[in-house]
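# Results of the structural survey
Each chain, written out:
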Amino acid sequence: MSELWRRFGRLGGGLVLATALLWALLLIVLPQLLMVDLSFRPNLPAAARGGPEDGWTLANYAALWANPLHRAIFWQTIWSSLLVTLLALLVCYPVAFHLAQEAKGTRAVLLATALVIPFWVNEILRTFSWFLILARNGLVNRLLMGLGVIEEPLALGGVGAVMIGMVYAYVLFMIFPLYNALESLDRNQIEAARDLGASTWRIHWRVVIPHAKPGIAVGCVMTFMLAAGTFAVPQIMQSLPGGTNARWFTQIIYSYFFDGGDWNRGSAYAFALLLLCILFVVATMRLFRVGLQDIAK
Amino acid sequence: MQGAEVALEGVGLAYGAFWAVRGIDLTVRPGEFFSILGPSGCGKTTILRLVSGFVEPSEGVIRIDGRDMRGVGPAARPTALVFQNLALFPLMRVWENVAFGLEVRGMAKAQRRRRAEELLELVALPGFAEKRVDELSGGQRQRVAIARALAVEPQVLLLDEPLSALDLKLRQHMRAELKAIQRRTGVTFLYITHDQGEAFTMSDRVAVMSQGRIEQVGTPGEIYDAPATAFVASFVGESNPLPGRVEESGGGLARITTALGPLRARDPRGLAPGSAAILVVRPERCRLDGAGEGEGPADRLARADDAPVNRIEGRLARIDFEGAFANLVVASPAGPALKVQVANDGRLSRLEAGAPVTVRFPAEAALALPEGPLARE
């Protein structure tokens, strides 16, 4: 802050600061507040707004609770996002550990590059590649038919397919926090544990994982938030045969906003999702006993 | 606990075409405090990693208590390693650190807690069980690391320069402490260091290493007074190495022509006349004539024996007064300057820089060694 004053003077510094604050207020805080307000009001035709029916109500939130289909999709979204997070952790932990502690020189560089390159492709295309793999005439079906395992192509769509697409889409957001945490572990600690007779499993359980906890927490929070809030991945993967049951809660929010024209209900649904995500973040941080400042690191 | 013998037979380790160590033959006796002393990069840590089982030798056999250790991993060997940076587990309490090896072995919690407290007692840290690692001082961490290694009841404790991170005073204190722990437990200690003070004060025997090979094995006294090679003579303690050629030898003495003229020295190996040699003499074995120094009893004894005495004329180039003694440099126009250390007998202050002096040492104080590489200063 004092650096700001020194560089631009009191007036200039004040202007810079005011611009930034105004930016945050106009583009971040106000729209959110507006949405909160919307979510607590009934959806009325333009003429009735400000009339006697216009007032704060919990009806939009109650509607989510009352609609069994929406409720089911809501919980399925949360549950699937949890599974995606867990799967991503299981996939990424060995890779990150290898990259941080075992791989050396060219191998490490190659491996890191191989991990990063798919992320130069945008999320839609990345997801679409999985769509192609799982499609009716896709790689999996052709392979299985070619091997004579099946005669008719399988319908590979569904929640599982959406989850696979997501794990792939968000792998890096799990790997990098894990890698950062694991990389700072003193290799001698692993060797000391081994020298004292510990099995690989125990070394990880007692030495490596406790050390990597903040990284695990960050990776899980990021992956979960991305998974719960994604729109593109389920939208694409749903077009797979058998995929229609794999609806994501974000799609319902989308349709209220853009198909149904009911912004009030859409806002309420969006905040319900946000609330649960925040709960997840807090619970994860409690579970791993990490503070906000650890995550900020 | 009982110490075991560690034997290395023709052990070598190659990384590609580079041999980190080679041709190592070494026997560490049961219950011995044995040090490996050498400059950094000489391969001493490699030997420790070989014995602990983190790397397998490319050739040769390592036996512990007579058992061939080929194919036996670090967890299964009767050894425990104390790392240079200690590698304590920072997220565990002190007692959990100490008891980690017991936890691995499936000992019940109450029992291993009790055992950890006993071990903390042994390393003079009673009441530290519940402390966190980051609450400990350097010396305390040191003891925790040793207790953790001793908890698995190793027959051989391997220590990789564990005192190098401590300050001088604490280091000297920990030397005595380590020695005492070794005596109390009877475990064989294999200690790696580049600090000869550490090696000499604690060890029963010392091996001096250079460039992946063992130069000499012996008691600290043997290493210091009878170095086997020019490297050992120059690496251990201060010395004046004077290269030259053997003129004649016989009767345990050799005459060597050096830049400072012909000098006589002990010649236990019987060097061949004409061969290249290095004459080594320690600064504290040299005496000064002139500059007010009289004749000491050792000189009279030497004269009585009619043993030959070497004399070198020079000029007092530098005087570093240390208090109890002084380090002098005597420059001679003919060759290299000589380091001389004289005890303070009350007349040191009479020394004057620039004064002509004669450096004198009996042939018995000097040693003739075959030519070889010297340790870098």
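Remember, it's a predicted structure, so these values are computed and weren't measured experimentally.

A word on the overall build of chain B. When helices and strands are tallied, chain B shows nine helices and 20 strands. Structurally, chain B occupies a C-alpha span of about 75 × 45 × 35 Å along its principal axes. Within chain B, buried positions represent 44% of all 377 residues. Sequence-distant contacts, at least 24 apart, represent 66% of the contacts inside chain B between residues at least 6 apart.

Moving on: the overall build of chain A. Tallying secondary structure elements over chain A gives 13 helices and zero strands in all. Each helix (α) and strand (β) of chain A, taken in turn from the N terminus, gives the series α-α-α-α-α-α-α-α-α-α-α-α-α. The C-alpha atoms of chain A give 24 Å as radius of gyration, which overshoots the globular expectation for 297 residues (19 Å, by more than 25%). Overall, chain A is about 75 × 70 × 35 Å in size when its C-alpha atoms are taken along their principal axes. Burial analysis of chain A (297 residues in total) assigns 31% to the buried set. Taking the contacts inside chain A whose residues are at least 6 apart along the sequence as the reference set, 72% of them involve residues at least 24 apart.

Turning our attention to the environment of A:Arg194. All names here are of chain A. When you line up the elements, Arg194 lands in helix α8 (residues 187-195). The exposure class assigned to Arg194 is buried, which follows from the 22 C-beta atoms found within 10 Å. Residues Arg194 and Glu152 lie 42 residues apart in sequence; the distance between their C-alpha atoms is 51 Å.

A separate point is unusual backbone geometry. Residue and element names in this part refer to chain B. At Glu153, a position not held by glycine, the phi torsion is positive, near 50 degrees. Topologically, Glu153 is positioned in the loop between α4 (138-151) and β7 (156-160). On the neighbour-count criterion, Glu153 (15 C-beta atoms within 10 Å) is partly exposed. At Gln211, a position not held by glycine, the phi torsion is positive, near 50 degrees.

Taken together, the contact pairs 15 residues of chain A with 16 residues of chain B. If you list the elements that add at least two residues to the side of chain A that touches chain B, you get α8 and α9 (200-229) of chain A. Considering each element in turn, the side of chain A that touches chain B owes the most residues, seven residues, to α8(A). Class assignment of the residues belonging to the side of chain A that touches chain B gives a composition of six nonpolar, four polar and five charged.

What follows covers the environment of A:Gly55. Mapped onto the elements, A:Gly55 comes out in the loop between α1 (2-39) and α2 (59-66). Distance in space between the C-alpha atoms of A:Gly55 and A:Arg41 is 5.9 Å, their sequence separation being 14 residues.

Turning next to the sheet that holds strand β1 (residues 6-15) of chain B. Residue and element names in this part refer to chain B. Overall, antiparallel pairing links the four strands, which are arranged β2-β1-β4-β5 in an open sheet. The open sheet terminates on both sides in strands that have one partner only, identified here as β2 (18-28) and β5 (67-68). Pairing analysis gives five bridges linking β1 to strand β4 (residues 59-64), with the strands arranged antiparallel. Paired with Gly12 across the bridge in β4 is Glu59.

We now examine the domain arrangement of chain B. For chain B, the domain assignment lists domain 1 (6-225) and domain 2 (238-370). On a C-alpha basis, the centroid separation for the pair domain 1 of chain B and domain 2 of chain B is 40 Å.

With 171 residues, the main nonpolar core has A:Leu178 and B:Leu279 as its most contacted residues. Take this core: its biggest share by element is 15 residues, from helix α7 (residues 159-183) of chain A. Composition of this core by domain shows at least three residues from each of domain 1 (6-225) and domain 2 (238-370) of chain B. Leaving out residues up to four positions away in the same chain, B:Leu279 has contacts with B:Leu242, B:Gly244, B:Ile256, B:Thr258, B:Leu263, B:Ala265, B:Ala366 and B:Ala368.

Let us look at the pairing of strand β17 (residues 325-332) of chain B. Residue and element names in this part refer to chain B. Pairing geometry for strand β16 (residues 309-321) and β17, over six bridges, is antiparallel. Note on β17: the bridge partner recorded for Leu316 is Val330. Where β17 and strand β18 (residues 335-343) come together, seven bridges link them in antiparallel fashion. When the sheet's bridge partners are listed, Ser332 is paired in β18 with Gly335.

This part is about α9(A). The periodicity of an α-helix, 3.6 residues per turn, causes residues three or four positions apart to be oriented the same way. Taking 1.5 Å per residue, 30 residues should reach 44 Å; α9(A) reaches only 36 Å between its end C-alpha atoms and comes up short. Of all the bends in α9(A), the greatest, near 60 degrees, is centred on A:Lys213, and the proline A:Pro214 appears no more than four residues after it.

Below, the discussion takes up helix α3 (residues 68-102) of chain A. Between its first and last C-alpha, α3(A) extends 50 Å over 35 residues, near the 51 Å set by a 1.5 Å rise per residue. Maximal helix bending in α3(A) amounts to about 30 degrees, located at A:Cys92; proline A:Pro94 follows within four positions.

Looking now at the sheet that holds β18(B). Residue and element names in this part refer to chain B. Read from one edge to the other, the open sheet built from five strands follows the order β15-β19-β16-β17-β18, with strand pairing classed as antiparallel. Strand pairing shows two members of the sheet lacking a second neighbour, β15 (287-289) and β18, which therefore form its edges. Strand-to-strand twist of the sheet, defined as the mean angle between neighbouring strand axes without regard to direction, takes the value 45 degrees. As paired elements, β16 and strand β19 (residues 356-362) share seven bridges and run antiparallel to each other. Pairing of Arg315 across the sheet is with Pro356, part of β19.

Bringing the pairing of β4(B) into the picture now. Residues and elements named next belong to chain B. Two elements, β4 and β5, share two bridges in a ladder whose sense is antiparallel. By the bridge assignment, Ile64 is partnered in β5 with Arg67. What sits between β4 and β5 in their antiparallel hairpin is a turn of two residues, with Asp65 showing a positive phi close to 55 degrees.

The topology assignment puts B:Lys109 in helix α3 (residues 109-122). Separated by 23 residues in the primary sequence, B:Lys109 and B:Leu86 have C-alpha atoms spaced 24 Å apart.

As a further point, take the packing of α2(A) against helix α12 (residues 263-287) of chain A. All names here are of chain A. Close contact between α2 and α12 brings their axes to 8 Å; oriented N to C, the two are set at 70 degrees. Taken as axis vectors, α2 and α12 run roughly perpendicular relative to one another. For the pair α2 and α12, the sense of crossing is right-handed. Here Asn60, Tyr61, Ala63 and Leu64 of α2 lie close against α12, whose contacting residues are Asn264, Arg265, Ala268, Tyr269 and Ala272.

Residue and element names in this part refer to chain B. Per-residue confidence for chain B averages 89 on the pLDDT scale, and 95% of its residues sit at or above 70. Contacts of residues 301-305 to residues separated by more than four positions or lying in other chains number three contacts, the stretch itself having pLDDT below 50. For this predicted complex, the interface confidence reaches an ipTM of 0.79, while the overall pTM sits at 0.80.

Rules used throughout
- Residues numbered from 1 in each chain as written.
- Chains lettered and ligands numbered in written order.
- Predicted model: local features only at pLDDT ≥ 70, side-chain atom pairs only at ≥ 80, totals over all residues.
- Helix = DSSP H or I, 4+ residues; strand = E, 2+ residues; numbered from the N terminus.
- Buried ≥ 20, exposed ≤ 12 C-beta atoms within 10 Å, placed from the backbone.
- Contact = placed C-beta atoms within 7 Å.
- Rg over C-alpha atoms; globule rule 2.2 N^0.38 Å.
- Nonpolar A, V, L, I, M, F, W, Y, C, P; charged D, E, K, R; others polar.
- Pairing = 2+ DSSP bridges.
- Domains from an automatic or database assignment.
- Core = buried A, V, L, I, M, F, W, Y, C linked by C-beta atoms within 7 Å.
- Expected span 1.5 Å × (residues − 1).
- Bend = angle between axes of the 7 residues up to and from the residue.
- Axes fitted to C-alpha atoms, helices over the stretch in contact; angles between N-to-C directions.
- Parallel < 35°, antiparallel > 145°, perpendicular 65-115°, else oblique.
- Left-handed = near helix turned anticlockwise from the far one by under 90°.
- pLDDT = per-residue confidence, 0-100.

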